[in-house]
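Commentary on secondary and tertiary structure
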Amino acid sequence: MSLIRQSRAFIVVGVLQLLVDWSVFVALSAIGVDAVPANLCGRVAGAMLGFWLNGRYTFASQDDGARLGWARFWKFLAVWIPATFLSTWLIVLVEHHLGLQLAWLAKPLVEGGLAVLTFLAGRYLIYR
């Protein structure tokens, strides 16, 4: 697979994933749910979409097709859990010091930074 093709597909999937994640986070926190559970719910919603789309399209093999399954899902979780802890910690830090509305704005930046790490993990570890 071409690195450029995978990068493009990962960006498209990542934007969709971020829209789901961010929308859930903003909606839940706007109705009064604390930032931690709101961020976790958003990340879970985005992760399920991202795992499936990346396995089905971004990192799919021309020979074998989709790269999904339980073995890859467990690898995905091994990357996703620490990334979620980091994301949640950063969002809560922003919310605590700068307020909820700035945490809403910071979330895409936090997730964008984590996307670089998760792309590399996806390419070389999860969907290999």
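Since this is a predicted model, take the numbers as computed values, not measurements. (Residues numbered from 1 in each chain as written. Predicted model: local features only at pLDDT ≥ 70, side-chain atom pairs only at ≥ 80, totals over all residues. Heavy atoms only, no water.)

**Quick word on the layout of surface pockets**
By volume, the largest pocket amounts to about 480 Å³. In this structure, the largest pocket is lined by 26 residues; those nearest its centre are F10, G14, Q17, A115 and T118. The set of elements that each furnish at least two residues to the lining of the largest pocket consists of α1 (3-30), α2 (35-58), α3 (70-98) and α4 (100-126). (1 Å grid on protein atoms, 1.4 Å probe; cavity = no way out; pocket = protein on both sides within 12 Å on 5 of 7 lines; lining within 4 Å. Points joined across faces, edges and corners; volume = space filled by probe spheres on them. Helix = DSSP H or I, 4+ residues; strand = E, 2+ residues; numbered from the N terminus.)

**What to know about the pattern of salt bridges**
Opposite charge on two side chains makes pairing possible when the charged atoms of those side chains draw close. On inspection of all chains with the given rule, the structure shows three salt bridges. Note that K107 and D21 form a salt bridge whose closest N and O atoms lie 3.0 Å from each other. Residue K107 is found in helix α4, and its partner D21 is found in helix α1; the two are separated by 86 residues along the sequence. Neither residue differs from the other here; K107 and D21 are each classed as buried. One network of salt bridges, in which partners are shared, links D21, R43, K107 and E111. (Salt bridge = Lys/Arg side-chain N within 4 Å of Asp/Glu carboxyl O. Buried < 20%, exposed > 50% of the residue type's maximum accessible area, 1.4 Å probe, protein only.)

**Some points on the nonpolar core**
Most often, soluble globular proteins have nonpolar side chains that are buried together. Core analysis: the largest hydrophobic core is formed by 13 residues, its most contacted members being F51, F59, F73, F76, W80, I126 and Y127. No other element matches α3, which puts five residues into this core. Beyond its immediate sequence surroundings of up to four residues, F51 is in contact with L68, G69, R72, F73, F76 and Y127. By size, the runner-up hydrophobic cluster in this structure holds 11 residues, among which are F25, V94, V110 and L114. (Core = buried A, V, L, I, M, F, W, Y, C linked by side-chain atoms within 4.5 Å. Contact = heavy atoms within 4.5 Å.)

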